[in-house]
Amino acid sequence: MFEILENTFRTVVEYGILAFEAVGVLILLIAAVRALFFLPKDKHHSKHILYDGISTALTFLLGSEILKTIVTPDWKDVGMTCAVLLMRAAMTLLIHWENKHESDEE
């Protein structure tokens, strides 16, 4: 009985990881297409669209990394996942700061 619950839980988490990663990639692609659409008209607005899309996509990808820590089998994998998590969090904060800084300059 416990084995069935564990396998079900692992399957749900793995599908959740795939869903978070798919949504993150989809958001990033949509933001890139939107930024390219606005690029000839307004380069500054295009940057903001891309920054917001990257930031949102990274948030979803961070969610998938957090879910990965739940199902990792050993400490080496947990360490690697935490390192990726910290890098993505730093990238998200940097993009958010840069976007806000450019908005304040306007």
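As a reminder, the structure under discussion sits directly above these lines.
From a predicted model like this one, the values you see are computed outputs, not experimental measurements.

Enquirer: What exactly am I supposed to notice about the packing of helix α2 (residues 43-71) against helix α3 (residues 75-105) here?
Expert: Describing two packed helices takes the angle between their axes plus the distance from one axis to the other. The N-to-C vectors of α2 and α3 enclose an angle of 160°; their axes lie 9 Å apart at closest approach. Taken as axis vectors, α2 and α3 run roughly antiparallel relative to one another. Remark: the crossing between α2 and α3 carries left-handed chirality. Per-class residue counts for the contact of α2 with α3 are eleven nonpolar, ten polar and seven charged.

Enquirer: Explain the pattern of salt bridges to me, please; I cannot follow it from the model alone.
Expert: Once their charged atoms are close, side chains differing in charge can pair, the charge on each being opposite to the other. Enumeration over the complete set of coordinates arrives at two salt bridges. E21 is paired through a salt bridge with K68; the nearest N and O atoms lie 3.0 Å apart. Separated by 47 residues along the polypeptide, E21 in helix α1 (residues 2-38) and K68 in helix α2 bring together distant segments of the chain. For K68, the salt bridge identified is with E65, shortest N-O distance 3.4 Å. Highlighted residues: K68 and E65, both in helix α2, separated by three residues, approximately one helical turn. When salt bridges that share partners are traced, they join E21, E65 and K68 into one network.

About the cut-offs
- Residues numbered from 1 in each chain as written.
- Predicted model: local features only at pLDDT ≥ 70, side-chain atom pairs only at ≥ 80, totals over all residues.
- Heavy atoms only, no water.
- Axes fitted to C-alpha atoms, helices over the stretch in contact; angles between N-to-C directions.
- Helix = DSSP H or I, 4+ residues; strand = E, 2+ residues; numbered from the N terminus.
- Parallel < 35°, antiparallel > 145°, perpendicular 65-115°, else oblique.
- Left-handed = near helix turned anticlockwise from the far one by under 90°.
- Nonpolar A, V, L, I, M, F, W, Y, C, P; charged D, E, K, R; others polar.
- Salt bridge = Lys/Arg side-chain N within 4 Å of Asp/Glu carboxyl O.

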